[in-house]
Amino acid sequence: MQNFAFGFTFAASCRKSLPCWHDKVTAKHLVHELILQARRGQIISVKETIAAVRRDGPELAESDCELVEFIVNFAPAFGMFVAFDLRE
């Protein structure tokens, strides 16, 4: 199975045409931005995505279950697969 690793911080991934508002970043936005970094057909690791969200948004209060819901909603919409590897 292929794993997908996120090797960036959210602040570095902000688009140049849009301002980065670090105090207004939501968990949903972080998950969306992380998924957009992958290519169509790639496998999105739930474990690695949650770790990246926790790293880039330590103040966010969403539970792991809520983050999994965001991942499951976003990834297939962009032609990606989801690896439910949270317990590995």
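Everything numeric in this text was worked out from a predicted model, so none of it was measured.

Draft legend 1. Structural context of the environment of His 29. The residue His 29 is located in helix 2 (residues 27-36) in this model. For the pair His 29 and Phe 70, spaced 41 residues apart in sequence, the C-alpha to C-alpha distance is 9.4 Å.

Draft legend 2. The arrangement of the packing of helix 3 (residues 46-56) against helix 4 (residues 64-74) in detail. With their axes 10 Å apart at the nearest point, helix 3 and helix 4 run at an angle of 115 degrees to one another. It follows from the interaxial angle that helix 3 and helix 4 lie roughly perpendicular. With respect to the hand of their crossing, helix 3 and helix 4 are arranged in right-handed fashion. Two secondary-structure elements touch here, helix 3 through Val 46, Thr 49, Ile 50, Val 53 and Arg 54 and helix 4 through Asp 64, Leu 67, Val 68 and Ile 71. In terms of residue class, the contact of helix 3 with helix 4 is built from six nonpolar, one polar and two charged.

How each quantity is defined
- Residues numbered from 1 in each chain as written.
- Predicted model: local features only at pLDDT ≥ 70, side-chain atom pairs only at ≥ 80, totals over all residues.
- Heavy atoms only, no water.
- Helix = DSSP H or I, 4+ residues; strand = E, 2+ residues; numbered from the N terminus.
- Axes fitted to C-alpha atoms, helices over the stretch in contact; angles between N-to-C directions.
- Parallel < 35°, antiparallel > 145°, perpendicular 65-115°, else oblique.
- Left-handed = near helix turned anticlockwise from the far one by under 90°.
- Contact = heavy atoms within 4.5 Å.
- Nonpolar A, V, L, I, M, F, W, Y, C, P; charged D, E, K, R; others polar.

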